[in-house]
Amino acid sequence: MPRSARVLGATALAAALTSALTAFPPPADANAPAATRPTSVAQTPVARRTPPTASVHTTRHLTVARGPHAVPSTGGLRLAPLARGPLTGRTIVVDPGHNGRRSRVNDRLVPAGGGRTKPCNTSGTASRSGASEHAFTWNLANRTATELRRRGATVVLTRPNDRGVGPCVDERAAIGNRARADLVLSIHADGNTSRRARGFHIITSTRMTGGPAAQRASTRYAMRVRTAFARTGMPRSTYLGRGTALTPRTDIAGLNLSRRPAIMLEAGNMRHPTDAALLAKPSFRAKAARLLADATQQTLRR
Ligand SMILES: [Zn+2]
């Protein structure tokens, strides 16, 4: 909605708001390359639509309803270590990709690095049977956080729950920067619609704010995670990374804006039934969390 909505009369504003809500497009995985974005994905419910008579306020880019989901969360959630161990003194940021909830505020454009902008966030992709990416990332991120805390690490989760509108992608990078994270692990699952597209891959940025040193450290972390994650039973990606399961990119805001070593794991392709079944298994998730903690520990070995 344009900024001029501010001066519209109440009736016109209500009509404009209704039409904007109706015209609202379905969310896609903001991290998927354009060519692999799913064409049709079962989505989590849209945030409760506010009647046109409710109060509204106009941000720079759009009008959103007032209420608990009008503003993305910021700051993350800091979790203390559960024991002393090999990661004592370390801070790991674990980013459960996406939001628990779809909100129009997700479409606000935020800096993505290199002078580009991107939508604040999305609720991610979903499997053909309706399992959502945001619930998967929330679960695996929490399992991984517990493994890391048991080994002595302080963990910062970028979002505090799986119900609200999580931080925008630029704030997720800022959380890692402010925490002076030793490593940042962003957890996702992909939504590629090709029938043969299977497996995991790891994204790094070749345009990090942290420069070549952060990029080299990120690549080392990515290689450790690749070795570890293959032991979960999920194969390397058949469709990205040319068999290496490593995909350097320039368009991932959360990685571009990081001054700390940071990677993004796409743990499998949720649109492939075999991958989706594996990703849904509690035993797979438990093993994946242990292996991700192993890879993190190996990367930080003094
Ligand atoms: Zn994702």
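Before reading on, note that the structure itself is shown above.
Residues numbered from 1 in each chain as written. Predicted model: local features only at pLDDT ≥ 70, side-chain atom pairs only at ≥ 80, totals over all residues. Heavy atoms only, no water.

Chemist: Would you take a moment to explain the packing of aromatic side chains for this structure?
Modeler: Remark: the centre distance and the inter-plane angle together describe each pair of aromatic rings, the angle taken between the planes. In this structure the tally under the stated criterion is two aromatic pairs. Plain terms: the ring middles of Phe 200 and Phe 229 are 5.2 Å apart, the flat faces sit at 65° to each other, and that makes the pair edge-to-face. Placement of the pair is Phe 200 in the loop between strand S8 (183-190) and strand S9 (201-205) and Phe 229 in helix H4 (residues 211-229), with a sequence separation of 29 residues. The buried category is assigned to Phe 200, whose relative accessible area is 0%. Residue Phe 229 is classed as buried on the basis of its relative accessible area, which comes to 0%. Consider the rings of Phe 229 and Phe 284, whose centres lie 6.0 Å apart with planes at 85°: the pair is edge-to-face. In this pair, Phe 229 is assigned in helix H4 and Phe 284 in helix H7 (residues 282-299), connecting sequence segments 55 residues apart. The pair Phe 229 / Phe 284 is uniform in exposure class, with both members buried. Through a chain of ring-to-ring contacts, three or more aromatic side chains come together here, namely Phe 200, Phe 229 and Phe 284. (Phe/Tyr/Trp six-rings, centres within 6.5 Å; stacked < 30°, edge-to-face > 60°. Helix = DSSP H or I, 4+ residues; strand = E, 2+ residues; numbered from the N terminus. Buried < 20%, exposed > 50% of the residue type's maximum accessible area, 1.4 Å probe, protein only.)

Chemist: Help me understand the coordination of the zinc ion, please; the structure alone is not making it clear to me.
Modeler: Angles between donor atoms at a metal ideally measure 109.5 degrees for a four-coordinate tetrahedral arrangement and either 90 or 180 degrees for a six-coordinate octahedral one. For the zinc ion, the full set of protein donor atoms is His 98 (NE2), Glu 133 (OE) and His 188 (ND1), at a range of 2.0 to 2.2 Å. Along the chain, the residues that donate to the zinc ion are spaced as H-x34-E-x54-H. Taken together, the residues Glu 133 in helix H2 (residues 133-150) and His 188 in strand S8 connect sequence positions 55 residues apart. The exposure class of His 188 is buried, given its relative accessible area of 3%. (Donors = N, O, S within 2.8 Å, 3.2 Å for Na, K, Ca; no water.)

Chemist: What is the right way to look at the side chain of Asn 99 in this model?
Modeler: Residue position: Asn 99 is located in the loop between strand S4 (91-96) and strand S5 (109-113). Exposure remark for Asn 99: the relative accessible area of 0% places this residue in the buried category. Among the polar contacts listed, one links the side chain of Asn 99 to the side chain of Asn 106, at a separation of 3.4 Å. There is a polar contact of 2.6 Å between the side chain of Asn 99 and the backbone nitrogen of Gly 166. Leave out the neighbours within four places in its chain, and Asn 99 touches Asn 106, Asn 121, Thr 122, Ser 123, His 134, Arg 159, Asp 162, Gly 164, Val 165, Gly 166, Pro 167 and Arg 172. (Polar contact = N/O pair within 3.5 Å; in protein donor to acceptor, adjacent residues only side chain to side chain. Contact = heavy atoms within 4.5 Å.)

Chemist: Which parts of the structure should I look at to understand the pairing of S4?
Modeler: A regular strand places its side chains on the two faces of the sheet in alternate fashion. Within S4, six of the six residues are buried, which leaves it mostly tucked inside the rest of the structure. Across the two faces of S4 the burial is the same, with Thr 91, Val 93 and Asp 95 and Ile 92, Val 94 and Pro 96 all buried. Two elements, S4 and strand S7 (residues 154-157), share four bridges in a ladder whose sense is parallel. Bridge assignment links Val 94 to a residue of S7, and that residue is Leu 157. Pairing of S4 with S8 involves five bridges; the strand directions are parallel. Looking across to S8, one finds that Asp 95 is bridged to Ser 186. (Pairing = 2+ DSSP bridges.)

Geometry only, nothing functional implied.
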